[in-house]
Amino acid sequence: MAAKLDQGPPNYKEMLPPIILDNYGKWKYHEIPRSGVLKHVSESGAALFSVRVATPRLVSIDFIRDVCALADEFCDGFLRWTTRNNIEFLLSDEAKVNPLIETLVAKGFAVGGTGAAISNIIHTQGWVHCHTPATDASGVVKAVMDDLYEYFESMKLPAKLKMGLACCLNMCGSTHCSDIGIVGVHRTPPRIDHDKIRKGTEIPSLVASCPTGAIRPDPKNKSVVVNEEKCMYCGNCYTMSPAMEIYDARNDGIAILIGGKVSNARSAPSFSRMVIPFLPNNAPRWPEVTEAIRAILELWIANADKGERLGEWVERIGWERFFALSGLPFSDMLIDDYIFARETFRTGAAFKY
Amino acid sequence: MTEKKTPLLDELEKGKWPSFVTEIKRAAVKSAASAELLQVLERSYEERRGHWKHGGIVGVRGYGGGVIGRYVDEPETYPNIAEFHTVRINQPSGFFYNTKTLRTICDLWEKHGSGLTNMHGSTGDIILLGCKTEHIQPIFDDYSEAGFDLGGSGSCLRTTNCCVGPGRCEYACYDTLEACYNITNEFMDELHRPMWPYKSKIKFSGCANDCTGAIARSDISVIGTWRDTIRIDQDAVKEYAANKFPIQSQVCDKCPTGCLTYNNETQELAVIAEDCTRCHHCINLMPKAIQAGKEKGATILVGGKSTIVQSAFMSSVVIPFMKMDVEDDFEEFKDTVRRIWEWWDENGKTRERIGETIFRLGMGKFLREAEIPIVPQQVFRPRANPYVFWAQEDLDKSGTALDGTAL
Amino acid sequence: MQKGPASPEIKAKILEYLAKVQKAKSRDVAVAIGEKKGDVDNAVKELTAEDLVEYLYITTTYICLKGKVQTPNG
C-alpha cells in the first residue's frame, strides 16, 4: 500500500482532554500549589492540574507504555510532553492528584521542575547517535541532574534555571541561550585519511563543506589539506566524508557557558557566555563538570535577588565581579576573537575589581 | 544473546534522575540492535569517543527528508547496527497526546525498529532512533496509514513547533496550536522537499516569555503580543496586597521601563501605557490582576539560529505587530513568510541561514525587497555612520560630467 | 504551492545534467540548464516521486540520480 504523502501531523484537537476543549482560550490564571504541580483555572471556574515528571528524553517504547497506563488510570488517557522533555499528566479531578503523585514516586519517577527550580536539561544525542560528538549528552545530563536533584524537586532557587547541553560546537539544542550551557568541544583539526579520500570522496563538496574555508584541494596528492589556523573544529567535513576524523579522545571535552535567556521579561533575551573553556571528559560521571556547575549555582543562590535569573544577576554585578567571586580563572580563551568580538570589548573606563 | 557487561554505563543507573541506560537496556531485551547499541556505547565510555558515521540517504519515495542516515563505524563487529537510521515523525501541536496515539507509535516502532525514541527532538519531532535502510519505506507506509507524517530534515522548512498556547495557558496572545497545525499543513512542499540554501525553522510562542525559545532557536520567530495596553483588575491587586505580596519591590521596581506605579494608600496599580514595552514581567508575577490588552497578535522576528557558521544570532523584529487570526486562515503571515523565503532562496549562499544572508546583504535591502514596511521598532538605534548606499536612480543626475558631456 | 505538472523538457534536462555530476544543489542545476529555479524544484518533486532522482542530506540537501551516491558502509 502506498503511503499518503503530505497529510501533515496528527490533529492536536484529537489529543485534547474534554476540560481543555471546554476551556480552550479561557484560562484565567495559574498557581503552583506544590512542586511539580500546576493548577490552571478557567473563567468558568474549572481547574486543570498538570503533574510534571522528568524523563531522560531517550526512552524505550515500554517506558511510554508505562506512562500511558498511568495516564489511563488517572487522566482519562490524556497527557503531554513539554519542550524540555518533561511529561505532564493532565488531570481534571483534583482528588486524583495526590494518588497519582504517590504512585509516580513509588515507581521512581522524578516529580518537579516547576517554578524556581531546575527543569530538565535540553540535550543532544552524544555518543548514543551523533557522528561528531565531543562528549556524551545523556550521560553528562544524568550526572549533573543526579547531583542537582534537590533543585529539581523543590522550588528554592532565586528564579527558574534552564540548562542545555550540546555534544559539539555546532551547538544543536539550546545551549546558546540557556542559563547554563554545557558544550562539547573538539580542540584539534581533523585527521585526514588520504587513502579513504582517494577512494570515494568528492573533493569539491568536501572543500565546500568547511565553513571557514580551511580545507583546500591538494591535486598532486588527489586529496585535501587543512589550514590548521583556520579550522574551528566543527566537524562539518566529517559529515561530508568519514575520511576526516574529528574526534580526539585525549583532547575532546566540555566548555561551560552561562547567563543566556530567551524570555523578554525584565531584560532582553541574551546569549550564554563562556566562563570555563575546558573540562575533561571524565566518563562515566564527569565529576569536574558537576562540581563546576554546582559551584556556579551555589554562588548564584547565595548572591542573587529574588526572581533574578542567573544572567541577570551576573549582568547586575558585572562579569568582572563574577570572576572575582567565583574564583574561576579568566584567560584569553574567554575573550571573543570570532566575527562579532568587538561588541564584547569594554569601550568605557568604568568597571569594578 | 550472550549477556555482555557494561560496567561504565551501569554507573549511570545509580542516582535519582531517570536513567537513559535503563531505557536502552529495556529496549535491548526485545531488540538485538539496541543490545548492540549498548555495547558500542560502553566502548565510547571506555574510549571517550563516538562511533557513528553520517550518510546522506533520506529514505522514502517522494520526500527529501524525515530520515537521517546513521552507520556504525565497525559494521563487522556490530552487524545489527551497521545501519541505525533516525526517523522523524511530525508531532501534534503542543505535544498533546491521547494514550491510543502513543500506543500506536510504540506498536509500529516495535515492529520495525530498535524500540528507542526521543520524546522529543530539539526541533519538536517524535524521534524514532535506529532502523535499517530496508525498513524505512515500510515504516513510513505504516505510520502514514495510522495518520502520521514525517518531519523535516535537510535544507527545508524544519518541523514547526509551538508552546502549549490557549490549550492551557492564560498568556497566549494567539492560537499557537492552530497556527502551528494550519501553517505546517500549508507548507508541505517546503517541509518535505528541501529546495533551499539551508534549513529554516519557525517556532510559535504565545507570549513574550517565549517558552519555545523562538527568538534564539528559529529563523522565523512568532511571539505573541498585544498592541494596546495591559488591563489591570484593581480588586485583584488589593487581594495580592492583602496577601502581603511585595508589589512595589517585586513588580514595580523590576519593571524595566518604570511604567508601573503602585499607590500604597489606595492599593491600586497604574500604568503609563506609552512607556510599556510589553515585556510580560508584571503579568508573570500577578496573573490574577494583570492581563494582556485586548488587541492581540504577534511580533514577527527573523534570523535566529545557533552558532554555526557566523555565530549565534537572535531573531530581530521585522513586523512589530501582526494579527494572527484563525478566521483569516493566517493569510497575512503566510504571504509574508513566502516573500521572506523567496528572497532568501534567491540571495542566500549554500549553507547560509536567512539571518546570515540578511547580515551579509543588509537589513535595509532585505526589508525593501521582501516588501516589509520599515519602522523604528526594527532597530535599537539608527546607524552611527554616513555610509548609506543611495539608490542612484533616485538622485538628481542633471548636470555635466568631467568630460563636458551632459549626464 | 499550486504549480501544476512539470515540463517534460525540464525534467529531461535535469536528468541529463545529473548524469554528468555526482550531486548538485537544485539552484546550480537551474543555472546550468538555464531554467527558473522554481520550475526545476517542481520538476525534481516529480522526478523523486518517479524514483529517478533522490535527495541527499550531507551538510545541505543535494539532488542526484537515484542510487548514484554510495552510503558510508556501501
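Please refer to the structure higher up on the page.
Residues numbered from 1 in each chain as written. Chains lettered and ligands numbered in written order. Predicted model: local features only at pLDDT ≥ 70, side-chain atom pairs only at ≥ 80, totals over all residues. Heavy atoms only, no water.

### Re the overall build of chain B
Regarding its fold elements, chain B presents 14 helices and 15 strands. With the principal axes as the frame, chain B shows a C-alpha extent of 80 × 80 × 45 Å. Going through the 407 residues of chain B one by one, you find that 61% of them count as buried. By sequence separation, contacts in chain B at least 24 residues apart represent 64% of the contacts at least 6 residues apart. (Helix = DSSP H or I, 4+ residues; strand = E, 2+ residues; numbered from the N terminus. Buried < 20%, exposed > 50% of the residue type's maximum accessible area, 1.4 Å probe, protein only. Contact = heavy atoms within 4.5 Å.)

### Some points on the nonpolar core
If you look at the biggest cluster of nonpolar residues, it comprises 71 residues, and the most contacted ones within it are Phe204, Ile220, Val222, Met324, Phe333 and Phe366 of chain B. The leading source of residues in this core is helix H12 (residues 331–347) of chain B, at 6 residues. Once you skip the residues sitting within four places of it in the chain, Met324 of chain B turns out to touch Tyr174, Ala179, Ile183, Phe204, Val222, Gly297, Ala298, Phe330 and Phe333 of chain B. With 67 residues, the next largest nonpolar core counts Tyr151, Leu157 and Val289 of chain A together with Val21 of chain B among its residues. (Core = buried A, V, L, I, M, F, W, Y, C linked by side-chain atoms within 4.5 Å.)

### A closer look at the sheet that holds strand S5 (residues 78–81) of chain A
With antiparallel pairing, the 6 strands of this open sheet are ordered in space as S1(A)-S2(A)-S3(A)-S6(A)-S5(A)-S4(B). Taken across any chain shown, the strands that pair with only one partner, and hence form the sheet edges, are strand S1 (27–34) of chain A together with strand S4 (96–98) of chain B. Going from strand to strand, the sheet's axes swing by 25° on average, the running direction of each strand aside. Relative to S4 of chain B, S5 of chain A runs antiparallel, the two being bridged by 3 bridges. Residue Phe78 of chain A lies in a different strand from S4 of chain B, and its bridge partner there is Asn98 of chain B. In the packing of helix H2 (residues 61–75) of chain A onto the sheet, the strands contacted are S5 and strand S6 (86–91) of chain A, and the crossing angle to S6 of chain A comes to about 20°. Contacts between helix H3 (residues 97–106) of chain A and the sheet are confined to S1, strand S2 (37–42), strand S3 (47–54) and S6 of chain A, with S3 of chain A contributing the most and set at about 5° to the helix. (Pairing = 2+ DSSP bridges. Axes fitted to C-alpha atoms, helices over the stretch in contact; angles between N-to-C directions.)

### Some thoughts on the interface of chain C and chain B
Tallying the contact residues gives 20 residues for chain C and 34 residues for chain B. Applying the counting rule to chain C against chain B returns 3 salt bridges. The partner of Arg61 of chain B in a salt bridge is Asp51 of chain C, with the nearest N and O atoms 3.1 Å apart. Seen at the junction of chain C and chain B, the total is 14 residue pairs in polar contact (both at pLDDT 80 or more). Those elements giving two or more residues to the side of chain C that touches chain B turn out to be helix H2 (26–33), helix H3 (37–49), strand S1 (53–58) and strand S2 (60–65) of chain C. When residues of the side of chain C that touches chain B are assigned to their parent elements, the largest contribution, 5 residues, is made by H3 of chain C. Taken together, the residues of the side of chain C that touches chain B sort by class into 7 nonpolar, 7 polar and 6 charged. (Salt bridge = Lys/Arg side-chain N within 4 Å of Asp/Glu carboxyl O. Polar contact = N/O pair within 3.5 Å; in protein donor to acceptor, adjacent residues only side chain to side chain. Nonpolar A, V, L, I, M, F, W, Y, C, P; charged D, E, K, R; others polar.)

### With respect to the interface of chain A and chain B
Taken together, the contacts link 114 residues of chain A with 113 residues of chain B. Taken over both partners, the interface formed by chain A and chain B buries close to 10,300 Å², and the fraction arising from carbon and sulfur atoms is 59%. Applying the counting rule to chain A against chain B returns 9 salt bridges. Sorting elements by how many residues they give to the side of chain A that touches chain B places H2 of chain A first, with 10 residues. (Buried area = accessible area lost by both parts, 1.4 Å probe.)

### So, the sheet that holds strand S3 (residues 86–89) of chain B
In spatial order, the strands read S4(A)-S5(B)-S6(B)-S3(B)-S2(B)-S1(B); together these 6 strands make up an open sheet with antiparallel pairing. Two strands close off the open sheet at either side, each with one partner strand: strand S4 (58–60) of chain A together with strand S1 (52–55) of chain B. Across the sheet, the axes of successive neighbouring strands diverge by a mean angle of 30°, strand direction being ignored.

### Considerations on unusual backbone geometry
For residues besides glycine, phi is generally negative; the peptide bonds are generally trans as well. Cis geometry marks the peptide bond from Ala283 of chain A to Pro284 of chain A; its omega dihedral reads 5°. Note that Pro284 of chain A resides in the loop between strand S15 (273–280) and helix H9 (287–303). Here Met119 of chain B and His120 of chain B are connected by a cis peptide whose omega angle stands at 5°. A positive phi is found at Asp76 of chain A, a non-glycine position, where the angle reads about 50°. As for its position among the elements, Asp76 of chain A is in the loop between H2 and S5. Positive phi values are uncommon outside glycine, yet Glu371 of chain B reaches one of about 55°.

### A short note on the side chain of Lys334 of chain B
Inspection of the secondary structure assignment puts Lys334 of chain B in helix H12. Residues in contact with Lys334 of chain B, not counting those within four places in the same chain, are Asn182, Ile183, Glu186, Phe187 and Asp329 of chain B.

### With respect to the packing of helix H4 (residues 138–147) of chain A against H9 of chain A
All names here are of chain A. Contact geometry for H4 and H9: axes closest at 9 Å, N-to-C directions at 45°. Relative to H9, the element H4 lies oblique. For the element pair H4 and H9, the recorded crossing hand is right-handed. Together, Val140, Ala143, Val144 and Asp147 of H4 and Val289, Thr290, Ile293 and Arg294 of H9 make up the contact between the two elements. (Parallel < 35°, antiparallel > 145°, perpendicular 65-115°, else oblique. Left-handed = near helix turned anticlockwise from the far one by under 90°.)

### Considering the pattern of salt bridges
Summed over the entire model, instances satisfying the criterion amount to 53 salt bridges over all chains. As a salt-bridge pair, Asp62 of chain A and Arg65 of chain A come within 3.1 Å of each other at their nearest N and O atoms. With Asp62 of chain A and Arg65 of chain A both in helix H2 and 3 residues apart, this pair spans about one turn of that helix. Like Arg65 of chain A, Asp62 of chain A is buried. Glu298 of chain A is the partner of Arg294 of chain A in a salt bridge, and the nearest nitrogen-oxygen pair spans 2.8 Å. Of this pair, Arg294 of chain A and Glu298 of chain A both sit in helix H9, 4 residues apart, roughly one helical turn. Here the residues in one salt-bridge network are Asp62 and Arg65 of chain A together with Lys30, Asp107 and Glu110 of chain B, joined through shared partners.

### Here's the deal with the packing of aromatic side chains
Counting across every chain of the model gives 25 aromatic pairs over all chains. Considering the side-chain rings of Trp196 of chain B and Trp341 of chain B, the 4.7 Å spacing of their centres and the 40° angle between planes classify their relative orientation as tilted. Taken together, the positions of Trp196 of chain B in the loop between helix H7 (188–192) and strand S8 (202–205) and Trp341 of chain B in helix H12 put the pair 145 residues apart, joining distant regions of the chain. Note on Phe313 of chain B and Phe359 of chain B: the rings are 6.2 Å apart at their centroids and 75° apart in plane angle, and the pair reads as edge-to-face. Of this pair, Phe313 of chain B sits in the loop between strand S14 (296–302) and strand S15 (316–322) while Phe359 of chain B is found in helix H13 (residues 354–361), placing the two residues 46 residues apart along the sequence. Residue classification places Phe359 of chain B among the partly exposed residues on the basis of a relative accessible area of 45%. Site record: aromatic cluster; members linked through ring pairs are Trp313, Trp319, Phe322, Phe323 and Phe330 of chain A. The aromatic ring of Phe313 of chain B is capped on one face by Lys305 of chain B, whose charged end is 5.0 Å from the ring centroid. (Phe/Tyr/Trp six-rings, centres within 6.5 Å; stacked < 30°, edge-to-face > 60°. Lys NZ or Arg CZ within 6 Å of the ring centre and 35° of its normal.)

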